[in-house]
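# Summary of the model geometry
Chain by chain, the residues:
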Amino acid sequence: MTSARQFQFKSINYTGLQTGPRVIIMGATHGNEVCGTKAIQRVMEEIDSGKLHIAAGSVTFVPIVNPLAYAQNTRNGDRNLNRDLFPKERPLDFEDQVANWLCPLLGQHDVLLDLHSFAATGEPFVMVGPLDNDGTLQPFRHAAKERAWARRLGVRRFVDGWLATYGDGVQRRSRSADELETVLRYGVGTTEYMRSTGGYALTLECGQHDDPAAPDVAYRAIMNTLAHLGLIAAPDPQPVAFEEMEALSMVVVHDKLHADDAFVRPWKSFDPVSEGELLGHRADGTPVVAEFGGRILFPAANAAANTEWYYLTRPNATFGRE
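Residues numbered from 1 in each chain as written. Predicted model: local features only at pLDDT ≥ 70, side-chain atom pairs only at ≥ 80, totals over all residues. Heavy atoms only, no water.

Moving on, we come to the pattern of salt bridges. One pass over the structure, following the stated rule, counts 19 salt bridges. The shortest N-O distance in the salt bridge between Glu33 and Arg75 comes to 3.3 Å. Highlighted residues: Glu33 in the loop between β2 (18-26) and α1 (35-49) and Arg75 in the loop between α2 (67-72) and α3 (94-107), separated in sequence by 42 residues. Linking Arg42 and Asp216 is a salt bridge whose minimum nitrogen-to-oxygen distance equals 3.3 Å. Here Arg42, found in helix α1, pairs with Asp216, found in helix α8 (residues 214-228); they are 174 residues apart in sequence, far enough to count as distant. With relative accessibility at 35%, the residue Arg42 sits in the partly exposed group. Given a relative accessible area of 42%, Asp216 falls into the partly exposed group. Residues joined in a network through salt bridges with shared partners are Arg79, Asp84, Lys88, Asp93 and Asp96. (Salt bridge = Lys/Arg side-chain N within 4 Å of Asp/Glu carboxyl O. Helix = DSSP H or I, 4+ residues; strand = E, 2+ residues; numbered from the N terminus. Buried < 20%, exposed > 50% of the residue type's maximum accessible area, 1.4 Å probe, protein only.)

The relation between two aromatic rings is expressed through the spacing of the ring centres and the mutual angle of the planes. Scanning all chains against the criterion turns up 14 aromatic pairs. Aromatic pair Trp162 and Tyr311: ring centres 6.0 Å apart, planes at 50°, arrangement tilted. With Trp162 in helix α5 (residues 162-173) and Tyr311 in strand β14 (residues 307-315), this pair connects stretches of sequence that are 149 residues apart. Between the aromatic rings of Phe298 and Tyr311, the centroid separation amounts to 6.1 Å while the plane-to-plane angle is 85°, which identifies the pairing as edge-to-face. Taken as a pair, Phe298 in the loop between β13 (294-297) and β14 and Tyr311 in strand β14 lie far apart in primary sequence, 13 residues in all. The exposure class of Tyr311 is buried, given its relative accessible area of 3%. For Arg321, the ring lying beneath its charged end belongs to Phe242, and the centroid distance is 3.9 Å. (Phe/Tyr/Trp six-rings, centres within 6.5 Å; stacked < 30°, edge-to-face > 60°. Lys NZ or Arg CZ within 6 Å of the ring centre and 35° of its normal.)

The next thing to look at is the state of the cysteines. What the rule picks out here adds up to zero disulfides. For the unlinked cysteine Cys35, the closest cysteine sulfur is that of Cys206, found at 4.0 Å. Judged by relative accessible area, which is 2%, Cys35 ranks as buried. Residue Cys206 is classed as buried on the basis of its relative accessible area, which comes to 1%. (Disulfide = S-S within 2.5 Å.)

This paragraph deals with α8. Here α8 spans 21 Å end to end across 15 residues, near enough to the 21 Å set by a 1.5 Å rise per residue. With 12 of 15 residues buried, α8 is to be regarded as a mostly interior element. Residues of α8 that are buried: Ala214, Pro215, Val217, Ala218, Tyr219, Ala221, Ile222, Met223, Asn224, Thr225, Leu226 and Ala227. Of the surrounding elements, those touching the buried residues of α8 are β2, α1, β3 (56-62), β4 (111-118), α4 (143-150) and β7 (200-208). Gly230, located one to two residues past α8, shows a positive phi value of around 80°. (Expected span 1.5 Å × (residues − 1). Contact = heavy atoms within 4.5 Å.)

This is the structure in structure tokens:
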């Protein structure tokens, strides 16, 4: 177990005189995704210098959520912090220590913006939560506010359906109800945990890790968030027009059944696929084809057997109009 004594956790809060929502904005949940850290530091410098003023509500900044991973410049410290994010009575690794500090902090807030980046080239996108529902997987009641906010972050691509699609895959491969519950918990990250406390949340993927534009994407999203939620005296940003949006719903996840299952080419997230297009082959030579047209998401060529191999998405023509 990594010693927590080597690190400390840091959050900075600014509270206005007027009432308003309690917002938390985080960077470096994954330690090599630093665009959010840079953007947060830029905004805090503007507040501290007097250039920017928090007039209402409060905002808490966490520039570095996972200090071990950040110090190593790696995605994870001991494991992926953005999975199985719950307080642990007996923490077994460093990320459990982070969770025991972070989860209560999230519970003190109403709204979370978690800033990330990704390995491959591509344009920024937002991961959003479910529609309002009373189900057992992820009950929710803030979909309209969450999606209206998402359209004001300054990007045009939106993806929903993560936990439900992940859960379908878990249910398909689980051998028992206990195993199902355990593995479904593994799908809970920062935004899912925030929604479980009664709040709402977005994950913004700001671009490729080393893209010099990614910190600017994160900065614009922070400023738009503060304006949209009324924390600063600024006009509400205009939402991206419906005709300019690309909204996608995750529909199905396919598992890698054998270590020798292989793609026919190095797919990247958001590559378009046509119905019937050959995506790969199973170890026994059986072709793997797309059952409908859309975009592939999170293809994992090096996935282990009996884990997620790739997701397929469909256009969501109703996103933001629900």
